[in-house]
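Listed below, chain by chain, are the residues.
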Amino acid sequence: GAPDLWPHLLSWTGAQAAALCLLNYLLRGQRWRLWMAHYQRPLPWRTGLRLYLVGYTFTPTPGNVGEAARGLLLPVPLSPAQSLAIFGAERVADLLCLLVLTLPGVLWLLARPALAPWLVVVLLLIGGGSLLLLGLAWTFSARLLSRWVWLREAWACLRHQPWQWLALTLLAWAAQGLALWLLCRDFGLVLGPSLATGFYALAMVGGALSLLPAGLGGMEAILTGLLLGAGATLPAAVAITVLVRLLSLWLAVALGALALAYSAAWRKDLSLS
């Protein structure tokens, strides 16, 4: 039968996995603060992290585009172009680093001809991601920059301390990959940390390219299929996937809603009008 999720979620392993997901939020919040400072809006780390978490309230939107509202909710809001620019820079940085982290998963698939259909799906996803990055690079040409100001602003964000945001982004997504590794180990599925991270990155890339709200459906299907290919039973693969999504997505949404309520009602440092 289907395994009971609560013992795994409330175990020491579940706490460690949750801590790794919280580390992901912290590192990406620091990246947001970095780009806010680029716009002469330096924020103390506690305030910056809280305001960053507010944006997760809007993550379950197509392409996560609701997160672009972060900069518009500040007491002295960013311009729409600046807020959208930071959102665009975040998505490009995330996709770039996730594509790098997929490599162990791709190599694992290449070594297993029986999983050729999955390999085709993965190559299509990576190819699509690469084409998307190339398309974004093309739109940064001078002709379009003059028309779409936010693209120029996004490119300026990515040029600002690139090694710092690259390190923060890689570490953030690797942390959630390690959370998957811990949960797999708790269910008796033996995967190396790098392979688990590769599986997680592949699933995230697939979900992102689907443009569904928070990648719902696409991410889960890909991750469950990869875990089945690695030897997990169907109930275990589904349970691991559900736990990963609870900790990596819905925990963030819940924290975002709490941060939004606290910031608006208690601290009164958000502009909701």
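An account of the accompanying structure is given in this report.

Let's shift gears to empty space enclosed by the protein. Within this structure, the stated rule accounts for one cavity of 30 Å³ or more. Considering the residues around the largest cavity, the lining is formed by Trp32, Glu67, Ala68, Arg70, Gly71, Leu78, Ser83, Ile86, Phe87 and Glu90. Partitioning the lining of the largest cavity into residue classes produces five nonpolar, two polar and three charged.

So, on to the side chain of Thr102. Relative to the assigned elements, Thr102 resides in the loop between helix 4 (80-101) and helix 5 (103-110). Taking relative accessible area as the criterion, Thr102 reaches 1% and is therefore assigned buried.

Running from amino to carboxyl end, helix 9 (residues 162-186) crosses helix 12 (residues 234-267) at an angle of 145 degrees, the nearest separation of the two axes being 10 Å. Classified by chirality, the crossing of helix 12 by helix 9 is right-handed. When helix 9 is examined against helix 12, the residues Gln176, Leu180, Leu183 and Cys184 are found in contact with a partner set consisting of Ile240, Leu243, Val244, Leu247 and Ser248.

What follows concerns helix 4. Every α-helical turn comprises 3.6 residues, leaving residues that sit three or four positions apart pointing alike. Over its 22 residues, helix 4 runs 32 Å from end to end, which matches the ideal 32 Å to within 8%, given 1.5 Å per residue. Extensive coverage of helix 4 is indicated by the burial of 17 of its 22 residues.

Enumeration over the complete set of coordinates arrives at six aromatic pairs. With a centroid separation of 5.4 Å and 55 degrees between ring planes, the pair formed by Tyr25 and Tyr56 is classed as tilted. Here the residue Tyr25 occupies a position in helix 2 (residues 12-38), and Tyr56 occupies one in the loop between helix 3 (45-54) and helix 4, the gap between them amounting to 31 residues. Given a relative accessible area of 3%, Tyr56 falls into the buried group. A ring pair is formed by Trp35 and Trp165, whose centres lie 6.2 Å apart and whose planes are at 50 degrees; its orientation type is tilted. Taken together, the residues Trp35 in helix 2 and Trp165 in helix 9 connect sequence positions 130 residues apart. By the burial criterion, Trp35 is buried, and Trp165 matches it. Here a set of aromatic residues connected by ring pairs shows up, and it is made of Tyr25, Trp32, Tyr52 and Tyr56. The ring of Tyr56 carries Arg70 above its face, with NZ or CZ at 5.0 Å from the centroid.

Calculation criteria
Residues numbered from 1 in each chain as written. Predicted model: local features only at pLDDT ≥ 70, side-chain atom pairs only at ≥ 80, totals over all residues. Heavy atoms only, no water. 1 Å grid on protein atoms, 1.4 Å probe; cavity = no way out; pocket = protein on both sides within 12 Å on 5 of 7 lines; lining within 4 Å. Points joined across faces, edges and corners; volume = space filled by probe spheres on them. Nonpolar A, V, L, I, M, F, W, Y, C, P; charged D, E, K, R; others polar. Helix = DSSP H or I, 4+ residues; strand = E, 2+ residues; numbered from the N terminus. Buried < 20%, exposed > 50% of the residue type's maximum accessible area, 1.4 Å probe, protein only. Axes fitted to C-alpha atoms, helices over the stretch in contact; angles between N-to-C directions. Left-handed = near helix turned anticlockwise from the far one by under 90°. Contact = heavy atoms within 4.5 Å. Expected span 1.5 Å × (residues − 1). Phe/Tyr/Trp six-rings, centres within 6.5 Å; stacked < 30°, edge-to-face > 60°. Lys NZ or Arg CZ within 6 Å of the ring centre and 35° of its normal.

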